[in-house]
Amino acid sequence: MTSSTTVRTARRRTLRIAAAALTAAAGLALTACSGSDAGGAKSAGHTTMRSAAAESTASGWSGLQSTDAKADVKAGVANKQSGRQQPGGAHAGSGGTAASPVRTQRLADGISKAEIYQLGDQHYRAKIVARGSVLATLETKGHDDGLDANDMFITLTLDGQVHSWMGGGHQGPGTFKLAGGWTAKVTKIGELRYRAQIIGHDGVAATLETNQHDTGLNANGIYIVLSTGGVISAHA
């Protein structure tokens, strides 16, 4: 083999090796690009799925909360319709008190009012309320009731009528002329216990007695209160 032939053969081998190297390099570059794109697509896919999951979870909580709220509303309506009250309800009755007063009446001081409840036949209760607070309670239990509220006198009668007036009290013991021609003979019979005999033209018509609480009487349209301190007052 001549030297020129040897040179041409070496050149062809060099070209083939270079071409093979270029082909391998191109393949590696293509593989690298494909891997990068696949990773990007995978990352984008995960982001989209996470967003969808978050939206689904938020929607689920929102729906649950709405369902609970509706259930609470339905329960409240059902309780209202059946007369049941939630704990702390404003109309919960106690001690036989009716759910709501049969009427409310302003009293003589211009500030207090009486909330009158019917508990039964000739059985009434009156709550004396001022500025949202219950100050006292009167109740008829087979007889009229009365109260001396700081020189405002109040009676509650068996038919549920409330009568109030200011002043006019007499401090017992003693005998006092009252409205309507009545005379009251007041005696002390014990601690916070006084007795008043209500005397008319025909003698003793009625007797009031305090037993650690005030008492009252309707004497033919004349309203009389005797307090535990021995104060007696009457008003037509």
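Scroll up for the structure.
Residues numbered from 1 in each chain as written. Predicted model: local features only at pLDDT ≥ 70, side-chain atom pairs only at ≥ 80, totals over all residues. Heavy atoms only, no water.

A closer look at the sheet that holds strand 6 (residues 152–156)
- If you walk across this open sheet you meet the three strands as 5-6-7, and the pairing is antiparallel. Two strands bound the open sheet, and with one partner strand each, they are strand 5 (145–149) and strand 7 (162–166). Strand-to-strand twist in this sheet, taken as the mean axis angle between neighbours without regard to direction, amounts to 15°.
- Pairing analysis gives five bridges linking strand 6 to strand 7, with the strands arranged antiparallel. For M152, the partnering residue across the bridge sits in strand 7 and is M166. (Pairing = 2+ DSSP bridges. Helix = DSSP H or I, 4+ residues; strand = E, 2+ residues; numbered from the N terminus. Axes fitted to C-alpha atoms, helices over the stretch in contact; angles between N-to-C directions.)

Re the sheet that holds strand 9 (residues 174–177)
- If you trace the four strands from one edge of the open sheet to the other, you get 9-10-11-12, paired in antiparallel fashion. Among the strands making up the open sheet, the edge pair consists of strand 9 and strand 12 (203–209). Strand-to-strand twist across the sheet, computed as the mean angle between neighbouring axes with direction ignored, equals 25°.

Re the side chain of D214
- Structurally, D214 can be placed in the loop between strand 12 and strand 13 (215–219).
- For D214, which is buried and forms no salt bridge, the nearest opposite charge comes from R193, at a distance of 12 Å.
- A distance of 2.9 Å separates a polar side-chain atom of D214 from the backbone nitrogen of D148.
- Polar contacts involving the side chain of D214 include one to the main-chain amide nitrogen of T228, which spans 2.8 Å.
- If sequence neighbours within four positions are ignored, D214 has contacts with D145, G146, L147, D148, L226, S227 and T228. (Buried < 20%, exposed > 50% of the residue type's maximum accessible area, 1.4 Å probe, protein only. Lys, Arg positive; Asp, Glu negative; His and termini not counted. Salt bridge = Lys/Arg side-chain N within 4 Å of Asp/Glu carboxyl O. Polar contact = N/O pair within 3.5 Å; in protein donor to acceptor, adjacent residues only side chain to side chain. Contact = heavy atoms within 4.5 Å.)

Points about the packing of aromatic side chains
- A full pass over the atoms with the stated rule returns one aromatic pair.
- For the ring pair F153 and W165, a centre distance of 5.8 Å and an interplane angle of 20° mean the geometry is stacked. Placement of F153 in strand 6 and of W165 in strand 7 is noted, with a sequence separation of 12 residues between them. Across this residue pair, the class does not change: F153 and W165 are buried. (Phe/Tyr/Trp six-rings, centres within 6.5 Å; stacked < 30°, edge-to-face > 60°.)

Quick word on the pairing of strand 4 (residues 133–139)
- Judged from the six bridges that link them, strand 3 (residues 123–130) and strand 4 form a sheet pairing that is antiparallel. By the bridge assignment for strand 4, A130 is matched with S133.
- Count of turn residues in the strand 3/strand 4 antiparallel hairpin: two residues, of which R131 carries a positive phi of about 55°.

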